[in-house]
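Below are the chains, spelled out letter by letter.
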Amino acid sequence: RQRGPQLAPSFSSDGRKGPQRAMQVQLSTLMLCVVALVLATFLSTSLGFLQPLRGESHDATVRSLRGHRVETLRVDLGQATTEPSISLAAVAGLLAVSAAALCACNARPLSKQLCRVVRLQQPMDKFSQNETSELLGMLKTRRPECRNLAQYDDTWHIVKENDSVPPSAKWSDCSVEPSMSEYANHADLGARAWMSHSVISFDYRVVEVPRGNLLDPSCDAMILGHLPRGSEERWLAEQRPQRRLIVIDETVYKLYGDRVRAYFESRKVQHEILVLPMVEENKSMELTLEVAKKMKEFNIDRRTEPVIAIGGGVCLDVVGLASALFRRRTPYIRVPTTALSYVDASVGAKNGCNFGGSKNRLGTYVPPCAALLDCAFFATQESRDVANGIAEMAKMAIMKSEELFCLLEEHGPRLATDKFMPSSDVDGAPARVLRLSIEKMLEELAPNLWEHSLERLVDFGHCVGQDLEMAALGTEHELMHGESVACDMAYMTVLAQQLSLITVEERDRTLKMLRRCQVPVWSPVMTYELFVEAVANRVKNSMGQNFPLAVGIGKARIVNDISDEDLKQAFMCWQQLCAPSAKANHSEVRVHAAA
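Residues numbered from 1 in each chain as written. Predicted model: local features only at pLDDT ≥ 70, side-chain atom pairs only at ≥ 80, totals over all residues. Heavy atoms only, no water.

Visitor: With reference to specific residues and values, describe the overall build of the protein.
Guide: Secondary structure summary: the protein contains 19 helices and 17 strands in total. Within the protein, the fraction of its 595 residues that count as buried is 46%. A separation threshold of at least 6 residues defines the contact pool for the protein, and within that pool the share at least 24 residues apart is 70%. Summing over all exposed atoms, the protein offers an accessible surface of approximately 32000 Å²; the carbon and sulfur share of this is 53%. (Helix = DSSP H or I, 4+ residues; strand = E, 2+ residues; numbered from the N terminus. Buried < 20%, exposed > 50% of the residue type's maximum accessible area, 1.4 Å probe, protein only. Contact = heavy atoms within 4.5 Å. Areas by Shrake-Rupley, 256 points an atom, 1.4 Å probe, with all protein chains shown as cover.)

What follows is the structure, encoded as structure tokens:
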């Protein structure tokens with residue numbers, strides 16, 4: 001579809017069976033004719049009808065015409081008579097003549113159908129507008145293969161083989177297949193089972209807004225940015241009054257609350273603002289229910305009034321979970337205000353809250369209808385917070401983008417210090433880093449939105465890093481999410497070299513790049529005992545190790561079956577390379593003691 005002109009499909013006037021099926025049947029008949037002729041020639045030649053061979057014996061296997069059993073005939077080719085050869089050759093010849101006659105009878109219809117195919121297999125722009133509309137309409141009403149659900153008279157029906165369906169019926173990509181229940185018994189022979197196959201798709205937009213424009217009243221992104229320009233949905237939204245519930249982190253509200261309120265007032269949007277303390281310690285189901293309660297009080301429309309979440313990753317996750325739960329799915333928009341959430345929480349489908357001492361143990365896979373990105377929010381972050389987000393960008397660089405890796409190598413220190421402000425009008429490095437990070441993340445997330453596969457490159461930095469983050473929470477060595485990820489990435493880089501997947505030079509280059517991005521590569525909280533527990537949790541939650549490991553700069557693959565000895569040796573090497581020397585020696589003693 002992408003390379004050439006769009007071609008009209010081929011189908012017959014009934015909208016269900018096209019000439020391609022007829023062609024297949026008649027081509028099969030032609031093939032039968034050819035096979036029969038070859039068989040006749042072979043039998044005639046072999047059995048002496050044309051020129052019998054003498055002095056050789058073979059086993060010829062033929063199928064009896066009077067039954068369906070297979071008989072093996074011992075034939076002495078040197079003594080064969082002409083009667084059986086004429087008989088067998090005549091049978092093969094009769095098959096060939098019959099097939100040829102059938103093809104001749106169908107020659108005219110087939111030629112008509114071939115002409116029909118040729119006429120339809122031309123660019124769509126050769127048809128008139130009415131012809132094109134007619135063809136597309138027939139496509140929509142055509143029964144999809146392997147699907148059996150059709151809607152007509154406002155009702156869905158399971159369509160059986162010979163059922164009559166109105167031409168205007170709408171066919172679904174889904175199906176329901178009834179069958180006998182495998183648990184049926186003599187007491188209930190009629191017990192049934194149904195296999196329901198549903199195709200569920202999600203579409204969501206990730207939209208960059210020029211730096212500083214998102215809260216400008218002249219920009220309509222916060223109201224209509226989730227709807228593509230030119231779409232019918234956007235046109236309808238522009239015709240009616242708008243209402244919005246905004247959920248905002250209290251720290252962000254102190255910085256931008258007045259501008260947020262002024263924006264919606266100037267756009268004449270009825271709105272309410274819910275301000276909550278969205279920090280990791282409060283990321284709970286109780287906080288999620290507060291958002292859901294406010295949605296109920298606001299009497300939010302479940303289709304046309306998306307909730308707007310403005311804040312960091314905690315805010316985006318909690319509002320996303322509340323929206324997924326409220327009326328089972330209410331649209332929401334993410335507006336990330338931190339460097340970390342800009343490239344991580346905003347672009348994925350996951351949401352959640354912490355539970356039972358574990359990070360994001362409760363959650364769903366329901367993406368926002370849009371993520372609106374404006375890196376101007378970084379200006380009010382501390383440099384450490386910005387570096388925290390750069391760690392997630394480094395993840396994608398190490399895994400799958402040598403270009404991004406080189407950009408972070410060169411510009412990492414100033415990106416954190418200058419908070420992604422370009423140094424001049426021609427400085428494209430900050431924007432390029434952000435765009436590469438988002439695009440590489442989306443490449444990995446879109447095909448595996450519901451994580452049907454647990455072999456995920458985006459798990460790099462999250463194999464033991466999440467356990468480290470939760471263990472450090474509330475201690476004097478507390479780590480931000482990206483910092484925990486960076487420590488995990490440093491260890492996994494050492495492990496990759498331990499397994500000879502990368503060279504020592506590539507290992508050291510990667511560790512240097514992480515340090516230049518102003519993130520830690522070691523934490524005293526990660527003891528060997530915690531490490532062993534984190535690996536066990538990883539194996540349990542990911543159905544195996546499934547460690548994403550670098551195999552070069554910007555290249556990676558999933559690795560399993562790493563021995564405990566290799567994991568331990570890599571841990572000791574990581575301590576020696578990344579920890580201050582005194583702490584490294586102390587930790588090495590603890591490793592040996594634990595062993």
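Once you've had a look at it, read on.
Visitor: Give me the pairing of strand E10 (residues 270–276): which residues, what numbers.
Guide: The pairing of strand E9 (residues 243–249) with E10 spans 7 bridges and is parallel. Bridge pairing links Arg-244 to His-271 in E10. Handedness of the β-α-β unit built from E9, helix H7 (residues 250–266) and E10 comes out right-handed. (Pairing = 2+ DSSP bridges. Right-handed = clockwise from strand over helix to strand, strands pointing away.)

Visitor: So what's going on with the sheet that holds strand E3 (residues 149–152)? Which residues, and what values?
Guide: Read from one edge to the other, the open sheet built from 3 strands follows the order E4-E3-E5, with strand pairing classed as antiparallel. In this open sheet, the two strands that pair with only one neighbour each are strand E4 (155–158) and strand E5 (170–171). Alignment of E3 against E5, held across 2 bridges, turns out to be antiparallel. Opposite Gln-151, over in E5, you have Lys-170 as the bridge partner.

Visitor: With reference to specific residues and values, describe the sheet that holds strand E12 (residues 332–336).
Guide: Ordered by their spatial adjacency, 6 strands build an open sheet running E8-E15-E12-E11-E9-E10, and the pairing between neighbours is parallel. This sheet does not close on itself; its edge strands, each paired only once, are strand E8 (205–208) and E10. Direction aside, neighbouring strands of the sheet carry axes that sit 20° apart on average. In this sheet, strand E15 (residues 370–373) lies alongside E8 in parallel orientation, the contact comprising 4 bridges. Counted as the bridge partner of Val-206 is Ala-371 from E15. With respect to the sheet, helix H8 (residues 285–298) is in contact with E9, E10 and strand E11 (307–311), its orientation differing from that of E10 by roughly 165°. (Axes fitted to C-alpha atoms, helices over the stretch in contact; angles between N-to-C directions.)

Visitor: Account for helix H9 (residues 313–325), naming residues and giving values.
Guide: Between its first and last C-alpha, H9 extends 18 Å over 13 residues, near the 18 Å set by a 1.5 Å rise per residue. Burial of H9 is extensive: 11 of the 13 residues sit out of reach of the surface. If you check which residues of H9 are buried, you get Val-314, Cys-315, Leu-316, Asp-317, Val-318, Val-319, Gly-320, Leu-321, Ala-322, Ser-323 and Ala-324. Note on H9: the residue one or two positions beyond its end, Arg-327, has a positive phi of about 50°. (Expected span 1.5 Å × (residues − 1).)

Visitor: Quick one: what's the story with the packing of aromatic side chains, residue by residue and with numbers?
Guide: Following the criterion strictly, the structure yields 11 aromatic pairs and no others. Clustering of aromatic rings is evident, with ring pairs tying together Tyr-491, Tyr-528, Phe-531, Phe-571 and Trp-574. Positioned above the aromatic ring of Phe-298 is the side chain of Arg-243, whose terminal nitrogen or guanidinium carbon lies 4.1 Å from the ring centre. (Phe/Tyr/Trp six-rings, centres within 6.5 Å; stacked < 30°, edge-to-face > 60°. Lys NZ or Arg CZ within 6 Å of the ring centre and 35° of its normal.)

Visitor: Could you give an account of the side chain of Asp-249, with specific residues and numbers?
Guide: Residue placement: Asp-249 occurs in strand E9. Buried Asp-249, no salt bridge; nearest opposite-charge side chain is Lys-254, N-O distance 8.6 Å. Setting aside its immediate chain neighbours within four residues, Asp-249 contacts Val-275, Leu-276, Pro-277, Met-278, Ile-310, Gly-311 and Cys-315. (Lys, Arg positive; Asp, Glu negative; His and termini not counted. Salt bridge = Lys/Arg side-chain N within 4 Å of Asp/Glu carboxyl O.)

Visitor: Kindly report on a positive patch on the surface, identifying the contributing residues and their values.
Guide: Residues Lys-296, Arg-302, Arg-303, Arg-327, Arg-328 and Arg-329 make up a contiguous surface patch of positive charge. Along the chain, Arg-302 turns up in the loop between H8 and E11. Classification of Arg-302 by relative accessible area gives partly exposed; the value is 36%. (Patch = residues over 30% accessible without salt bridge, like charges linked within 9 Å, V, L, I, M, F, W, Y side chains within 5 Å. Charge placed at Lys NZ, Arg CZ, Asp CG, Glu CD.)

Visitor: Which residues make up the pattern of salt bridges, and what are the values?
Guide: Between side chains of opposite charge, pairing is possible as soon as their charged atoms come close. Summed over the entire model, instances satisfying the criterion amount to 22 salt bridges. Of the charged contacts in the structure, one is a salt bridge between Asp-317 and Lys-283, with a shortest N-O distance of 2.8 Å. Here Lys-283 lies in the loop between E10 and H8 and Asp-317 lies in helix H9, a separation of 34 residues in the sequence. On the basis of relative accessibility, which here comes to 11%, the residue Asp-317 falls in the buried class. With a relative accessible area of 3%, Lys-283 lands in the buried category. For Lys-395, the salt bridge goes to Glu-392, with nearest N and O atoms at 2.8 Å. One end of the pair is Lys-395 and the other is Glu-392, both in helix H11 (residues 383–400) and 3 residues apart, which spans about a single turn. Exposure class is identical for Lys-395 and Glu-392. Each is buried. One connected set of salt bridges, linked through shared partners, spans Lys-350, Glu-451, Arg-456, Asp-459 and Arg-538.

Visitor: How would you summarise the environment of Glu-409 if you had to cite specific residues and measurements?
Guide: Assignment of secondary structure puts Glu-409 in helix H12 (residues 402–418). Here the alpha-carbon distance between Glu-409 and Thr-510, two residues 101 residues apart in the chain, equals 8.8 Å. Within the structure, Glu-409 has its side chain in polar contact with the side chain of Arg-509 (distance 2.7 Å). (Polar contact = N/O pair within 3.5 Å; in protein donor to acceptor, adjacent residues only side chain to side chain.)

Visitor: Residue-level account of the packing of H12 against helix H16 (residues 504–516), with values.
Guide: At a minimum axis separation of 8 Å, H12 and H16 run at an interaxial angle of 40°. As far as their axial angle goes, H16 and H12 are oblique. In this structure, H12 crosses over H16, and the sense of that crossing is left-handed. For the pair H12 and H16, contact is made by Phe-405, Cys-406, Leu-408, Glu-409, Glu-410, Gly-412 and Pro-413 and by Arg-509, Thr-510, Met-513 and Arg-516, respectively. Of the residues in the contact of H12 with H16, the class split is 5 nonpolar, 2 polar and 4 charged. (Parallel < 35°, antiparallel > 145°, perpendicular 65-115°, else oblique. Left-handed = near helix turned anticlockwise from the far one by under 90°. Nonpolar A, V, L, I, M, F, W, Y, C, P; charged D, E, K, R; others polar.)

By themselves, these figures tell us nothing about what the structure is for.
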